Amino acid sequence: MPLASHAAPFARLALANITREYPNFPAHLVAAPDEDTRPSTLHPAFYGAYDWHSSVHMHWLLVRLLRRYGGTPALPGTAPFTAVLDRHLSTGHIAAEAAYLLDRPSFERPYGWAWLLALAAECRAHGGEPGARWAAALAPGVAAVDRLLADWLPKATYPVRHGNHPNSAFALGLALDSGELSPATDRAVRDRLLAWFADDHDAPAHWEPSGQDFLSPALTEADAVRRVLEPERFASWLDRFLPALGTGAPCPPLDVPVVSDHTDPQIGHLLGLALSRAAALRSLAAALPDGPVRARLAGAADAHLAAGLPAVERGDFTTDHWLATFAVLALDPEPGTGR
């Protein structure tokens, strides 16, 4: 399923979302009765797409599509997209976003942080103008996240393992993939992932999925460990962590989730679960040698992608404001990272 065929509609979807201020679900603690809590006041760059993290990763989606297909028949007209990105990713707007993050060290920790790093990396990869301009503007945000991560990781004794936004493994894996971390923080992330997960075995995969998951706790953890272990060590770790993969026994994270109500914002998370699983399964398969486990993972990835992709553009804001990002993670992995 090539991404090129989705480039134009996904770009239009991203543009519509990042410029749509309402409805909005702010994660802002109101400190005074006269505080101006309008989303565009609090977040001049990332006010749209329902919530802050979705706005950040829908910006990432738009830049990714421009980098891959801008100016080609798949995405011929780029001026409207570039104009909005120029307006949002300005020096002043990102400075305000960085200050907001530093003033509130637990805001969007760690999911939104990781997506900000991913956005900066995508702008840098875009190259030339305007990518270099956007990347330069995002530098204070990157520095803020690096500082916040460096301060938080020594205190993060335990990982968050459930399948929603605070999941530790997904965010730290995405942060590593970005290449935007300072060497010291990159090392701290790798060390923390190993401290949390290196000794894990016999994951309770039969508990999956939970009713509001958009990430698989087991697959997301495995995908993070993939990034910090050499291939042979990782293959051995995965065999201990999910032994059912090698024995051929049932393994629930490989089964496509049942979504009973696509319009319910929480049940609808399971649509994202299908797509995020597809991305993780593809990455895990690519990290393993040829054989039945790799084939089983690849087959499950295809089944999850086929189930989740039709839900990306439904005209329902509860899913349209975020699902396309996860579709692109599954459709367009970056060489060497799985992302």
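Note that the structure is predicted; figures quoted are calculated from it, not measured.

We now examine the overall build of the chain. Helix and strand content of the chain: 16 helices and zero strands. Computed over its C-alpha atoms, the radius of gyration of the chain comes to 19 Å, within 12% of the 20 Å expected for a compact globule of 339 residues. Dimensions of the chain, computed from C-alpha atoms along their principal axes, come out at roughly 60 × 45 × 40 Å. Within the chain, buried positions represent 55% of all 339 residues.

Since the α-helix turns once every 3.6 residues, residues separated by three or four places project in the same direction. For helix 11 (residues 231-241), the complete set of buried residues consists of F234, W237, L238 and F241. The buried side chains of helix 11 occupy one side of the element, clustering within an arc of 100° when seen end-on. Those residues of helix 11 that are buried lie in contact with helix 9 (183-197), helix 10 (217-226), helix 12 (244-247) and helix 13 (269-286).

This next bit is on helix 10. With respect to burial, helix 10 is a largely interior element, nine of its ten residues being buried. When helix 10 is considered as a whole, its buried residues turn out to be A218, L219, T220, E221, A222, D223, A224, V225 and R226. Here the buried face of helix 10 lies against helix 8 (168-178), helix 9, helix 11 and helix 13.

This paragraph deals with the side chain of D213. Its place among the elements puts D213 in the loop between helix 9 and helix 10. Apart from residues no more than four positions distant in its own chain, D213 is found in contact with G163, N164, H269, L270 and L273.

We now examine the pattern of salt bridges. Overall, the coordinates contain 19 salt bridges when judged by the stated rule. With a shortest N-O distance of 2.6 Å, R226 and D223 are connected by a salt bridge. Taken together, the residues span about one helical turn, with R226 and D223 both in helix 10 at a distance of three residues. D223 matches R226 in its accessibility class, with the two residues each being buried. In this structure, R227 engages D223 in a salt bridge whose closest nitrogen and oxygen atoms are separated by 3.6 Å. You can call R227 buried: its relative accessible area is 14%. You can call D223 buried: its relative accessible area is 1%. The network of salt bridges with common partners includes R64, R67, R68, E122 and D332.

A few words on the nonpolar core. Ranked by size, the top nonpolar core spans 113 residues in total, and within it F46, W115, L242 and F326 carry the most contacts. Apart from residues lying up to four places away in sequence, W115 is in contact with V56, H57, W60, F170, L174, T325, F326 and L329.

Tallied over the entire structure, the rule returns 19 aromatic pairs. On the numbers, 6.4 Å between centres and 45° between planes, the contact of W115 with F170 is tilted. Of the two residues, W115 sits in helix 6 (residues 111-126) while F170 sits in helix 8, which places them 55 residues apart along the sequence. F170 shares its class with W115; the two are buried.

Among the structural elements, A98 can be located in helix 5 (residues 91-103). Residues A98 and H43, spaced 55 residues apart in sequence, show a C-alpha to C-alpha distance of 9.9 Å. Residues in contact with A98, not counting those within four places in the same chain, are P140, G141 and A144.

Our next topic: the packing of helix 6 against helix 7 (residues 128-152). Here helix 6 crosses helix 7 at 150°, and the two axes come no closer than 7 Å. As judged from the angle between their axes, helix 6 and helix 7 are roughly antiparallel. Regarding helix 6 and helix 7, the two cross each other, and that crossing is left-handed. Residue composition of the contact of helix 6 with helix 7, grouped by class: 16 nonpolar, four polar and one charged.

To continue, consider unusual backbone geometry. The step from E129 to P130 runs through a cis peptide bond, and the omega angle for that step is 10°. Structurally, the position occupied by P130 is in helix 7. For the bond from E208 to P209, the omega torsion is -10°, close enough to zero to count as cis. Secondary-structure assignment places P209 in the loop between helix 9 and helix 10. Even without being a glycine, Y50 presents a positive backbone phi close to 80°. Position of Y50 among the secondary structure elements: in the loop between helix 2 (39-42) and helix 3 (52-69). Even without a glycine there, the phi angle at E108 is positive, about 60°. Residue classification places E108 among the buried positions, given a relative accessible area of 14%.

About the thresholds
Residues numbered from 1 in each chain as written. Predicted model: local features only at pLDDT ≥ 70, side-chain atom pairs only at ≥ 80, totals over all residues. Heavy atoms only, no water. Helix = DSSP H or I, 4+ residues; strand = E, 2+ residues; numbered from the N terminus. Rg over C-alpha atoms; globule rule 2.2 N^0.38 Å. Buried < 20%, exposed > 50% of the residue type's maximum accessible area, 1.4 Å probe, protein only. Arc of directions from axis to C-beta. Contact = heavy atoms within 4.5 Å. Salt bridge = Lys/Arg side-chain N within 4 Å of Asp/Glu carboxyl O. Core = buried A, V, L, I, M, F, W, Y, C linked by side-chain atoms within 4.5 Å. Phe/Tyr/Trp six-rings, centres within 6.5 Å; stacked < 30°, edge-to-face > 60°. Axes fitted to C-alpha atoms, helices over the stretch in contact; angles between N-to-C directions. Parallel < 35°, antiparallel > 145°, perpendicular 65-115°, else oblique. Left-handed = near helix turned anticlockwise from the far one by under 90°. Nonpolar A, V, L, I, M, F, W, Y, C, P; charged D, E, K, R; others polar.

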